[in-house]
Amino acid sequence: VVPNALDVDLFRPHDKAFCRDILGLPRDVPLMMFGALGGTQDSRKGFDLLEQALRLLREARALIDAHCVIFGQSRPATEPQLGFPIHWIGHLCDDWSLALLYNAVDVFILPSRQDNLPQTGTESQACGCPLVAFDCGGMPDLVEHRVTGYLARPYDPEDLAIGIKWVLEDIDRYAQLGNSARSRAVRFWGPDVVFPQYLDVFRESVDLYESGG
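Rules and cut-offs
- Residues numbered from 1 in each chain as written.
- Predicted model: local features only at pLDDT ≥ 70, side-chain atom pairs only at ≥ 80, totals over all residues.
- Heavy atoms only, no water.
- Salt bridge = Lys/Arg side-chain N within 4 Å of Asp/Glu carboxyl O.
- Buried < 20%, exposed > 50% of the residue type's maximum accessible area, 1.4 Å probe, protein only.
- Core = buried A, V, L, I, M, F, W, Y, C linked by side-chain atoms within 4.5 Å.
- Contact = heavy atoms within 4.5 Å.
- Pairing = 2+ DSSP bridges.
- Helix = DSSP H or I, 4+ residues; strand = E, 2+ residues; numbered from the N terminus.
- Axes fitted to C-alpha atoms, helices over the stretch in contact; angles between N-to-C directions.
- Parallel < 35°, antiparallel > 145°, perpendicular 65-115°, else oblique.
- Phe/Tyr/Trp six-rings, centres within 6.5 Å; stacked < 30°, edge-to-face > 60°.
- Left-handed = near helix turned anticlockwise from the far one by under 90°.
- Nonpolar A, V, L, I, M, F, W, Y, C, P; charged D, E, K, R; others polar.

I tried to follow the pattern of salt bridges on my own but got confused; where do I start?
Pairing between side chains of opposite charge can happen when the charged atoms of each approach one another. Inspection of the entire model under this criterion finds 13 salt bridges. Among the salt bridges present, the one from R27 reaches D21, with a minimum N-O distance of 2.6 Å. Residue class for R27 comes out exposed when judged on its relative accessible area of 54%. The network of salt bridges with shared partners includes K16, R20 and D106.

This is the structure in structure tokens:
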């Protein structure tokens, strides 16, 4: 498996307060992010499972100061009731804006039922933002459990809620998760790492063709 190469010089850590100011997001609260093109309407992206997880957190009075950030769509006519204030970012059309957003939030939640190796996940980790996702599809290739984020039991909103809380509740652990996420992104998805893998595939294909295989 050869991943897409990622510009780890563009997608890199920046000052969180500066990024929040640029995007008009509050400085002093934990920000939990979900994002996908039309993601709240696509059952594969699991927004309904995230809704359940956030309600569980709210009922348990966990992360009571947190806010949600949703990108990839504008504010709908009828907003979902998540139990947390929501900031609608809309569609971002350039990598610089995405990098600012990944740096502005504290955790990126990918509750997909079906997914491969989503580029948003690699980009956010390159910016030092930990991920919470279900242990399914390509997510184990994306997230190292309890090292760069948290892999919840597939489609279990309760474990997803536990993962979100686990990522955010300890300041020292959170800093380590962010550092590990950045390090893993450079190690696995940087161009200097990925391009030689493509060359190896091409060389193997040529050798196989020339040998008549």
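So that's the structure; there's more coming.
So what exactly am I meant to see when it comes to the nonpolar core here?
The tendency in soluble globular proteins is for nonpolar side chains to be buried as a group. In terms of nonpolar packing, the biggest core is built from 32 residues, with M32, L54, L160, I164 and V167 touching the most fellow members. When neighbours within four sequence positions are excluded, L160 is seen to be in contact with L49, L50, A53, I109, P111, V132, F134 and A152.

For this particular structure, what's the right way to read the sheet that holds strand β4 (residues 107-110)?
Within a sheet, neighbouring strands are paired by backbone hydrogen bonds and run either parallel or antiparallel to one another. Strand order across the open sheet formed by six strands is β3-β2-β1-β4-β5-β6, with parallel pairing between neighbours. Strands at the two margins of the open sheet, each flanked by one partner only, are β3 (86-90) and β6 (149-152). Across the sheet, the mean angle from the axis of one strand to that of its neighbour is 20°, orientation sign disregarded. Sheet analysis places β4 next to strand β5 (residues 131-134), joined by three bridges and oriented parallel. Pairing of F108 across the sheet is with L131, part of β5. Sheet strands in contact with helix α4 (residues 119-126) are β2 (67-71), β4 and β5, and its direction is about 165° off that of β4.

Can you help me understand the packing of helix α7 (residues 171-189) against helix α8 (residues 191-210) in this one?
Two quantities define a packed helix pair, namely the angle between the axes and the distance from one axis to the other. For the pair α7 and α8, interaxial distance at closest approach is 5 Å and the crossing angle is 30°. In this view, α7 runs roughly parallel relative to α8, as classed from their interaxial angle. Listed contacts from α8 to V186, R187, F188 and W189 of α7 are P191, V193 and V194.

Explain unusual backbone geometry to me, please; I cannot follow it from the model alone.
Excluding glycine, most residues fall at negative phi; most peptide bonds, likewise, are trans. Notably, R61 is not glycine yet its phi reads approximately 55°, a positive angle. Classification of R61 by relative accessible area gives exposed; the value is 63%. Positive phi values are uncommon outside glycine, yet R146 reaches one of about 60°. Classification of R146 as partly exposed rests on a relative accessible area of 43%.

I would appreciate a short explanation of the pairing of β3 in the present structure.
Remark: a regular strand shows side chains that alternate across the two faces of the sheet. Alternating residues of β3 divide into I86, W88 and G90, all buried, and H87 and I89, none buried. Strand direction decides the pairing type here: β2 and β3, joined by four bridges, are parallel. What sits directly across from F71, in β3, is G90.

Can you help me understand the packing of aromatic side chains in this one?
Each aromatic ring pair is characterised by the separation of its centres together with the angle its planes make. Across all of its chains, the model carries seven aromatic pairs by this definition. Ring geometry for F11 and Y102: centres 6.1 Å apart, planes at 55°, overall tilted. Note that F11 is positioned in the segment before α1 (16-23) and Y102 in helix α3 (residues 95-104), a separation of 91 residues in sequence. Summarising the burial analysis for this pair, F11 and Y102 share the class buried.

How should the pairing of β2 be read in this particular structure?
In terms of residue burial, β2 counts as a mostly covered element, since five of its five residues are buried. Side chains H67, V69 and F71 project from β2 onto one buried face, and the interleaved C68 and I70 project onto a second face that is buried too. Here five bridges tie strand β1 (residues 31-35) to β2, and the two strands are oriented parallel to one another. Following the sheet pairing, M32 is matched in β2 by C68.

Just to check I follow, could you spell out the packing of α1 against α3 for this structure?
Two numbers describe how α1 lies on α3: the axes approach to 8 Å, and their chain directions differ by 120°. The orientation of α1 relative to α3 falls into the category oblique. Between α1 and α3 the crossing geometry is left-handed. Contacts between α1 and α3 involve K16, F18, C19, R20, I22 and L23 from the former and L100, L101, N103 and A104 from the latter. Within the contact of α1 with α3, the residues separate by chemical class into seven nonpolar, one polar and two charged.

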